[in-house]
Amino acid sequence: MNHINRYTIILFLSLLFLASCEQESISTTVSQTAVLTGYLHAGQSCDSIHIIQSISYGDEDSIVSLDNLYVTINDGSNTFELTTEGEGYYQNTNLLIQSGESYTIQFEHNDEMVSATTFIPWKKDATISDTIIKMEKIEAGTFPPIGENVAEAIEISWDNSEGDYYYVVVHNIENDPEYINDFFANQDGFFRNFRFTSEPQISDYYNIDPNREIRQFGTHRVIIFRVNPEYAALYNVSEASSLSITEPPSNVINGLGILTGIASDTLYFEVQKE
Amino acid sequence: MSYQHTTSCTVMMLLLLCYSIGLYGQNLADKKVKFSYTDRALDLVLFDLEINEQLKFEYNKEDIDDIRITKSIPRLPLQEALITLLQETDLSFEIKPPKTIVLYKNPDKGKATIASSQYVPQNYNITVSGVLKDKASGETLPYASVLVKDTGNGVNTNGDGYFTIPNVPSDTSLLEIHYLGYHTLLFRLTPDNVRQDLIIQMAVIGQQLQEVVIVAEKEEQLLKASTGVSKVGMTPAAIATLPSFGEKDIFRSLQLLPGISGSNESSSGLYVRGGTPDQNLILFDEFTVYHVDHLFGFFSAFNSNAIKDVQLYKGGFGAKYGGRLSSVVELTGKDGNSQKFNMGGGLSLLSINGFIESPFDDGKGSFLIAGRRSFQSQFYSNIFDDFTNIGSRNASGSDDGATPPGGRRFGQQQVEPSSYFYDLNAKATYRLNQKDILSFSFYNGQDKLDNSRNTDNSAFGNRNIAFGFDRKNTDLTKWGNWGSALKWSRRWNNQFYSNVNLSYSNYYSERDRSDETAITREDTTFTINNGSFEYNDLKDISLKMDNEWQLSSNNLLEFGLQSSYNDIAYQYQQNDTIEVLNRLDQGFTNSIYLQDRHTFSQKLILTGGIRSTHYSVNNQLYNEPRASLTYLLTNKIKLKGAWGKYYQFATRIVREDIQQGSRDFWLLADDESVPISSATHYITGVSYETPIYLFDLEVYLKELDGLSEYTTRFTPSGFGPNSTLNYEEFFYTGSGVAKGIELLLQKKTGRFTGWIGYTLGEVKYDFEAFGDKPFYANQDQTHELKVIGNYKLGKWTFGGSFIYASGRPYTAPIGYYEVDLLDGNTATFFEVSDKNAFRLPDYHRLDLSCTYDFRLGSSKANLGLSIYNLYGRNNVWYKEYEVVEGELLETDVSLLGFTPSLFFNWSLH
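This is a predicted model, so every value here is computed, not measured.

1. Quick word on the confidence of the model for chain B
Residues and elements named next belong to chain B.
- Averaged over chain B, the pLDDT score is 80; the fraction of residues at 70 or greater is 80%.
- Note on residues 207-219: pLDDT is under 50 here. Beyond four places in sequence and across chains, it has 47 contacts.
- Note that residues 390-415 has pLDDT below 50 and, in this model, 66 contacts with residues that lie over four places away or in other chains.
- This complex was scored by the predictor with a pTM of 0.76 and an ipTM of 0.83.

Structure, rendered in structure tokens:
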């Protein structure tokens, strides 16, 4: 009986260890992926297609441009070649980007065909509630105005019956703008020319609160970009943690980055001293 | 002293000796001693024997006061010598290896004649039934093992503490009863006491022993791992002395077992054998609990003051349980003291808790109410900040927060958050008669974190009254459970037991992170909401009926039916009216099960069963066959194995969010986008058990199918003028295999108890969406070693636990790239590695605790110190990445370092 028991145990233990684990290493690839950044502005030439290589973790080198690639753009019926301009930039100034058309850029990298396609939206005209804003100069050591003396809001609006994404950039275009509040002027150029940008939103207006958001006198340019969803998607990545990191948004096949069509309208307003 | 009396005493002592020596005393039985004393105090005699004969005596000082000895013997075997020594006293003894002799008062002194007649058997091969209770509180003790001594015959008490043992050799047999945290009991049957149901009372270790029973050994072990296949029992009474994080925590204690990951500081959920927490069925008084975390998972939602028993099935569980792939944790709430009023409370650096319990209607009924609430101490804030203050980490590169695209940063709000958690348990039990018990159990717990603030209004001043706005910032996170169960148990007779349970469980989770802007324009006001609002509400209404039918002495049939209705709502809104996700899942799962447990020649126990579930969502029937066996090769060696098929219909989706704690929500599988997941368990093992040690080895293999990984992202869809950016949910589906070996070496008794547990494991998933190669699952952990020790020294108890675990896999950037945005800013994006291609550094930590038990008048109290992470190891929780000046930097984010905490507990009895 004892012998039987012993053999049973040995057999049993052997069975147990049959199921032991094996470790396999998972190889990781070094990053050498092509990154395409291309904005196709309606009504402009194809002049700023940028192709570089992604930067590997721990890589001391800076950006690796991918020059001398054979890059083409197709508008659905014709294919045009883009010429290399150095530092990864490509262009074809003869090609005028048309609203309502689709364009595909493609090139070969690391034996793979990298391509991306986008659609060019139509421009929408925007209106502005005021083109001249009067604001009080705030001398150093004084307080900003309150109550009756504050400036009214500027409202920029456009038709968005299609429910598309819009994106607003406000920029002071003076060469040496004067600060409304001297406090900011003394910040050693930290604020420089005022620039304010929104995020792409499905919206038909954009409000600017001069008292909070405008810091300088002078002419401001407002560009209202109508953008595609693939551009808006760039703004919806916020996690940079190993718990939740995911592939970044990209419409480039076999590569990274973005090719997107945009249309824009430009308005101006001036901030004057009261 | 009459001759008869002396004889009966001797008979009793011999009886005692027979079993003591037969079981444990083989070595000491051979030892011979001699002595000669004249009118010497017994304590001095014992002292002399300890010195000269290298023996050790344990006794209560009061028991031996005033006893003087005049005896002289030549060198005799120890037992004979002790009989002679104690012949004219009322003391009995028990020999415990290796050299300890326990002395205690003989209960039957003066009743010798009656006692001797009671030990003459009158009936043979009888069935004995009864109920097991705590001596002090009258609480019934569930899942205790009741064995007929010196036979292989034994049963476990059921959930209400009842047991029935058939085939007991005679009405004078000895029952041996084990329950964790209680003195093991040897209960002598007599022709008188077996005529009715036995009421057997057990004493908690630390209480004064009484004489109704003969004490064999102390069941001082912290866990009971030898009762079945992959089954472990624990009681709050037993885990009280383990190092804890300020609070005695049952789930944290379970994490110290082999096969359950102990390195998840951010979750009190259980990762059992490569499973995930949502694959565990958590039953509290029979209602399902869907969320077990307090304070971002640092504590479990269960107040151990309200719990009397925990049973954990790590796999291969029987047909009674279903709906989950990985494990079952069955928690039984305390019924309340059925003998006298009791109250108590405790204070730690984190929370305050209290309970009251009392009998009513002359002890027919009892109730217990227990509650706990956190308070905002420095200690609480430390934990809270660790989970929420992402921007102030110790960084290997930079201490800045991560930089998402567009130059935005994770902003920490400069407001003092208001945050708390609480839970409340109440249970009332009423014994209608000898056969029927009615009980009602209630639970409510909630976590709330409010980080909201209101921004000053009148943004455009008063001049332009036609246009202005108010901004209200809300940042509210709230989650909690409601649960209640009404249970009716009936013992129809000794062979048949039923209970019916109607339960309701609700889990809700809400997060509102939004800015509400009210804009006034020309006498009209409209509001715009920016941000996100997330809401999950799960309701579970279940009716269960479970029956146990002892068909014959070797055959126990269990059968029942369970019907659950789930109603799960989930909403995720962004920016005002964009309803990103809106799910409403409803469905019935109706199950019946049948399980038969057959014992062959008291050596082989075979259990086979089947569970059939109809799932209304897809109108399909799912059959789950299950089988297990244990075979007693010798008295000490047991072989075991189990196999079973398991299906899961409700799935918890986790969306990792490091800023406010991970968000999770439940949904029902639809068999289309979310598949019904399934698992097949294969388990085999062997255990070797002596009265002092247990060595247990189990090997498991789990084949998993229908697994889902969830992710959401904004995805452009369509093309051209009609294209949109949709917030879409993706359920990546795949299969997986988890396998591993678990080893447990446990020292069960003595001053020093504890265990060493080791797990070698692997979990690999195979998802098409993540490539054609299998990848290690997030919870994969190759090695895990746990060393747990507990040392009692008088009123002091010292505890220690050490955990070593190899690092878990994670996904990381392998590179980055930049995209120039339209406004001239640059956004940085990461190029991401293969799924889980990297490993975090190894995890290890040492915790220590020290508890001092004392009395305040007639009440009990203890005071303790617990030290978490003694040597301040920075165990990496996750990594954050950012690009600073062209360099990709990573930041290790760790949870708590060295953290001492104090606790104090008091109770009237």
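After that view, the rundown keeps rolling.
2. With respect to the pattern of salt bridges
Residue and element names in this part refer to chain B.
- All chains considered together, the criterion is met by 35 salt bridges over all chains.
- For Asp192, the salt bridge goes to Arg195, with nearest N and O atoms at 2.8 Å.
- Residue classification places Asp192 among the partly exposed positions, given a relative accessible area of 41%.

3. Looking at the sheet that holds strand β10 (residues 126-128) of chain A
Residues and elements named next belong to chain A.
- Overall, antiparallel pairing links the 3 strands, which are arranged β10-β12-β16 in an open sheet. A single partner strand is all that each edge strand has here, and the edge strands are β10 and β16 (205-208). When strand polarity is set aside, the average angle formed by the axes of neighbouring strands in this sheet is 15°.
- Relative to strand β12 (residues 154-158), β10 runs antiparallel, the two sharing 3 bridges. Along β12, the bridge assignment pairs Ala126 with Trp158.

4. A word on the nonpolar core
Residues and elements named next belong to chain B.
- Counting residues in each nonpolar core, the largest one holds 71 residues, and the members touching the most others are Phe251, Leu254, Phe302, Val329 and Leu331.
- Setting aside chain neighbours within four positions, we find Phe251 in contact with Ser268, Leu270, Ile282, Val292, Ser300, Phe302, Val329 and Leu331.
- Counting residues in hydrophobic clusters, the runner-up holds 25 residues, among them Leu76, Ala81, Ile95 and Ile101.

5. Examining the environment of B:Thr140
Residues and elements named next belong to chain B.
- Secondary-structure assignment places Thr140 in the loop between β6 (124-134) and β7 (145-148).
- Measuring from C-alpha to C-alpha, the distance between Thr140 and Asp43 comes to 38 Å, with 97 residues separating the pair along the chain.
- Looking at Thr140, its side chain comes within polar contact range of the side chain of Asp335, at 3.3 Å.

6. Structural notes on helix α5 (residues 78-85) of chain B
- Along α5(B), 7 of the 8 residues are buried, which leaves the element largely enclosed by surrounding structure.
- Looking at α5(B), one finds that the buried residues are B:Leu78, B:Gln79, B:Ala81, B:Leu82, B:Ile83, B:Thr84 and B:Leu85.

7. A few points about the pairing of strand β46 (residues 826-832) of chain B
Residues and elements named next belong to chain B.
- Buried residues dominate β46, accounting for 6 of its 7 residues.
- In this structure, strand β45 (residues 813-820) lies alongside β46, joined through 7 bridges in antiparallel fashion. Bridge pairing in β46 links Tyr816 to Phe830.
- Hairpin remark: β45 followed by β46, antiparallel, with 5 residues in the connecting loop; positive phi at Gly824, about 95°.

8. Quick word on the pairing of strand β40 (residues 752-767) of chain B
Residue and element names in this part refer to chain B.
- Across the 16 residues of β40, 12 count as buried, placing the element largely inside the fold.
- In the sheet, β40 pairs with strand β42 (residues 783-793) via 9 bridges, with the strands oriented antiparallel. Within the sheet, the bridge partner assigned to Trp755 lies in β42 and is Ile788.
- Summarising the sheet, β40 and strand β41 (residues 775-776) pair through 2 bridges and their orientation is antiparallel. Across the sheet, Tyr765 pairs through a bridge with Phe775, a residue of β41.

9. Some details on the packing of aromatic side chains
Residue and element names in this part refer to chain B.
- Enumeration according to the criterion identifies 42 aromatic pairs over all chains in this entry.
- With centroids separated by 5.3 Å and ring planes inclined at 65°, the aromatic side chains of Tyr622 and Phe649 adopt a geometry described as edge-to-face. Here Tyr622 is found in strand β33 (residues 620-632), whereas its partner Phe649 is found in the loop between β34 (637-648) and β35 (650-655), with 27 residues between them in sequence.
- With a relative accessible area of 6%, Phe649 lands in the buried category.

10. A look at a nonpolar patch on the surface
Residue and element names in this part refer to chain B.
- Taken together, the side chains of Leu432, Leu438, Phe440, Trp482, Leu486, Trp488, Trp492, Leu502, Tyr504, Ile541 and Leu543 present a nonpolar region at the surface, about 950 Å² in accessible area.
- Taken together, the elements giving at least two residues each to the nonpolar patch come down to β25 (436-450), β27 (467-491), β28 (496-521) and β29 (524-552).
- With 3 residues, β27 is the largest single contributor of residues to the nonpolar patch.
- With respect to the helices, strands and loops of the structure, Leu502 is situated in strand β28.

11. Some thoughts on the sheet that holds β46(B)
- If you walk across this open sheet you meet the 3 strands as β3(A)-β45(B)-β46(B), and the pairing is antiparallel. The open sheet is flanked by β3 (55-56) of chain A together with β46 of chain B, the only strands paired with a single partner.
- Where β3(A) meets β45(B), 2 bridges bridge the pair, whose relative direction is antiparallel. Within β45(B), the position partnered with A:Ile55 by the bridge is B:Tyr816.

How each quantity is defined
- Residues numbered from 1 in each chain as written.
- Chains lettered and ligands numbered in written order.
- Predicted model: local features only at pLDDT ≥ 70, side-chain atom pairs only at ≥ 80, totals over all residues.
- Heavy atoms only, no water.
- pLDDT = per-residue confidence, 0-100.
- Contact = heavy atoms within 4.5 Å.
- Salt bridge = Lys/Arg side-chain N within 4 Å of Asp/Glu carboxyl O.
- Buried < 20%, exposed > 50% of the residue type's maximum accessible area, 1.4 Å probe, protein only.
- Pairing = 2+ DSSP bridges.
- Helix = DSSP H or I, 4+ residues; strand = E, 2+ residues; numbered from the N terminus.
- Axes fitted to C-alpha atoms, helices over the stretch in contact; angles between N-to-C directions.
- Core = buried A, V, L, I, M, F, W, Y, C linked by side-chain atoms within 4.5 Å.
- Polar contact = N/O pair within 3.5 Å; in protein donor to acceptor, adjacent residues only side chain to side chain.
- Phe/Tyr/Trp six-rings, centres within 6.5 Å; stacked < 30°, edge-to-face > 60°.
- Patch = residues over 30% accessible without salt bridge, like charges linked within 9 Å, V, L, I, M, F, W, Y side chains within 5 Å.
- Areas by Shrake-Rupley, 256 points an atom, 1.4 Å probe, with all protein chains shown as cover.

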